[in-house]
Amino acid sequence: MAFESLTDKLQNVFKNLRSKGRLTEADVKAALKEVKMALLEADVNFKVVKQFVKSVEERAIGSDVMNGLNPGQMVIKIVNEEMVNLMGSETTELTLQPGKATTVIMMCGLQGAGKTTHCAKLAKMYIKQGHRPVIAALDIYRPAAIEQLEIVAGQAGAPVFQLGKTDPAVIAKKAYNHARDYGNDILILDTAGRLHIDEQLMAELTEIKNTIDVTETLLVIDAMAGQDAVNVAKQFNETIGLDGVIVTKLDGDTRGGAALSVKAVTGKPIMFAGVGEKLDQLDEFHPDRMASRILGMGDVMSLIEKAESALDEKKAEELEKKLKQNKFDLNDLLSQFQEIKKMGPLKQVLGMIPGLGNQIKDADVDDKQLIRVESIIYSMTKKEREKPEIINASRKKRIAAGCGMKVEDVNRLLKQYEQMKKMFKQMNSKGGRRRRMPNLPGMNNMGGFGGF
């Protein structure tokens, strides 16, 4: 995950601060020196780091902090607040035209940043909100660019407007007229990518903006590009003017410095974060939540939103009813696995739980283990899923053979199921609400369905 190395380094700095009963000015400066090095290693812009450390130091060495009851925690609080300020203080939403007027969103960026895919992601997001977007194919240079757009747009359920190799400004104008005539309230322009800043193509973007009234101009940057991405953002903003940024590949093994630098360098907010290849893996960017995750404090709000968007409310009600009647069976367990998978990679989801990030960092959290457990359940008959107690030795052999696994794996699953069922029964007998989540599958070394 992005920022993992930075999070580890900052956690070590904070651990040292918390261990001190009182802080001296030297303690704060020594800690901030380590913070500075951690940010630079994460590829955060040098000028941004310098100003960030200066702001934290000015606040942290104040008498209220140094003489406070818990100065270590006060310094951490200040670092958190300054990091939020660094990334934009508050969430910035895209401006949509009122009523039936067409909102025009122009997407631009370098080749390979994921611009075309994120056009489809935006379209899918707005379709779920009840809008009727259309995507215009303005990249007439890259081989198969239009075909690629039609594929991903089709997966998102959005129509594509294209006129082949026609002049991009002309396509944009006709696409706007088409959107207005056919009731599409959002027009997304998929412009030509570029390997580097190119004067001719930048002039093309300027011409498009002069031809139609663009509501929002968004730059798509790759988090893995580091400082190059920040420099690109600065040049795009100075040349054509940006309204916001989409940072992609924040789910990857990247230092993430671009996300921490781009707002300070360009003055333009990050609006969305791409956190996976699937079209529904686009998150609204919340500076406060991102700061909490970077500092190892979890991200409960994003976890709740993921759960609300992924989980089936009707199924949840049915499960709650079954739990109250102590009728939880393997079909229900299978259903829960499938709901969990909708929320995204398991390690990413678990990392949003405060205090759990460090615990699972080195754990073998493998989403394939969910699939293996599902395979065992699918190998059972309908009656076996409904009444697991009838599964004897011969049935276990048949189930293991059917899914290509061992009898020990079947035993492990059944044992964990019985433990969960027993826990639910105890909660019902006490008449209380569930105080903790049962162990989730795919977590070796953490008491879950490990070892598959």
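Shown above is the structure to which this text applies.
Residues numbered from 1 in each chain as written. Predicted model: local features only at pLDDT ≥ 70, side-chain atom pairs only at ≥ 80, totals over all residues. Heavy atoms only, no water.

Mind laying out the pattern of salt bridges, listing which residues take part and the relevant values?
Under the definition given, this model contains 12 salt bridges. A salt bridge links Lys-29 to Glu-25, with the shortest nitrogen-to-oxygen separation between them at 3.3 Å. Pair noted here: Lys-29 and Glu-25 are both in helix H2 (residues 25–41), with a separation of four residues, about one helical turn. By relative accessible area, Glu-25 is classed as partly exposed at 39%. Taking the shortest distance from any N to any O, the salt bridge between Arg-398 and Glu-384 comes out at 2.7 Å. Of this pair, Arg-398 sits in helix H20 (residues 393–403) while Glu-384 sits in helix H19 (residues 382–386), and the two are 14 residues apart along the sequence. Relative accessible area serves as the criterion here: at 36%, Arg-398 is assigned to the partly exposed category. Glu-384 gets classed as buried once you look at its relative accessible area, which sits at 0%. (Salt bridge = Lys/Arg side-chain N within 4 Å of Asp/Glu carboxyl O. Helix = DSSP H or I, 4+ residues; strand = E, 2+ residues; numbered from the N terminus. Buried < 20%, exposed > 50% of the residue type's maximum accessible area, 1.4 Å probe, protein only.)

Outline the nonpolar core, supporting the account with residue identities and numerical values.
Core analysis: the biggest nonpolar cluster contains 73 residues, and Leu-10, Leu-39, Phe-52, Met-83, Leu-189, Phe-236 and Leu-260 have the highest contact counts within it. In contact with Leu-39, other than residues within four places in its own chain, are Leu-6, Val-44, Val-49, Phe-52, Met-83 and Leu-260. (Core = buried A, V, L, I, M, F, W, Y, C linked by side-chain atoms within 4.5 Å. Contact = heavy atoms within 4.5 Å.)

Tell me about the pairing of strand S7 (residues 270–274), and name the residues and values.
Counting buried residues along S7, five of its five residues qualify, which places the element largely inside the surrounding structure. Summarising the sheet, S7 and strand S8 (residues 282–284) pair through three bridges and their orientation is antiparallel. Looking at the pairing, Phe-272 lines up with Glu-284 of S8. (Pairing = 2+ DSSP bridges.)

Any details on the environment of His-178? Residues and values, ideally.
Checked against the element boundaries, His-178 lands in helix H8 (residues 168–181). Take His-178: its relative accessible area is 25%, and that puts it in the partly exposed class. Sequence spacing of His-178 and Phe-161 is 17 residues, and the spatial spacing of their C-alpha atoms is 8.2 Å. Beyond its immediate stretch of four places on either side in the chain, His-178 contacts Phe-161 and Asn-184.

Describe in detail the side chain of His-118, supporting the description with residues and values.
By secondary structure assignment, the location of His-118 is in helix H6 (residues 115–128). Take His-118: its relative accessible area is 5%, and that puts it in the buried class. Here the side chain of His-118 touches Gly-114 through a polar contact of 2.8 Å, landing on its backbone oxygen. Those residues within four positions of His-118 in sequence are excluded, and the remaining contacts are Met-107, Ile-246, Thr-248, Gly-274 and Leu-282. (Polar contact = N/O pair within 3.5 Å; in protein donor to acceptor, adjacent residues only side chain to side chain.)

Can you explain the packing of helix H10 (residues 227–239) against helix H11 (residues 257–266)? Please cite residues and give values.
The N-to-C vectors of H10 and H11 enclose an angle of 25°; their axes lie 9 Å apart at closest approach. Here H10 is positioned roughly parallel relative to H11, judged by the angle of their axes. In the crossing of H10 with H11, the sense of the turn from one axis to the other is right-handed. The segment H10 lies against H11, with Gln-227, Ala-229, Val-230, Ala-233, Lys-234 and Asn-237 engaging Ala-258, Ser-261, Val-262, Val-265 and Thr-266. (Axes fitted to C-alpha atoms, helices over the stretch in contact; angles between N-to-C directions. Parallel < 35°, antiparallel > 145°, perpendicular 65-115°, else oblique. Left-handed = near helix turned anticlockwise from the far one by under 90°.)

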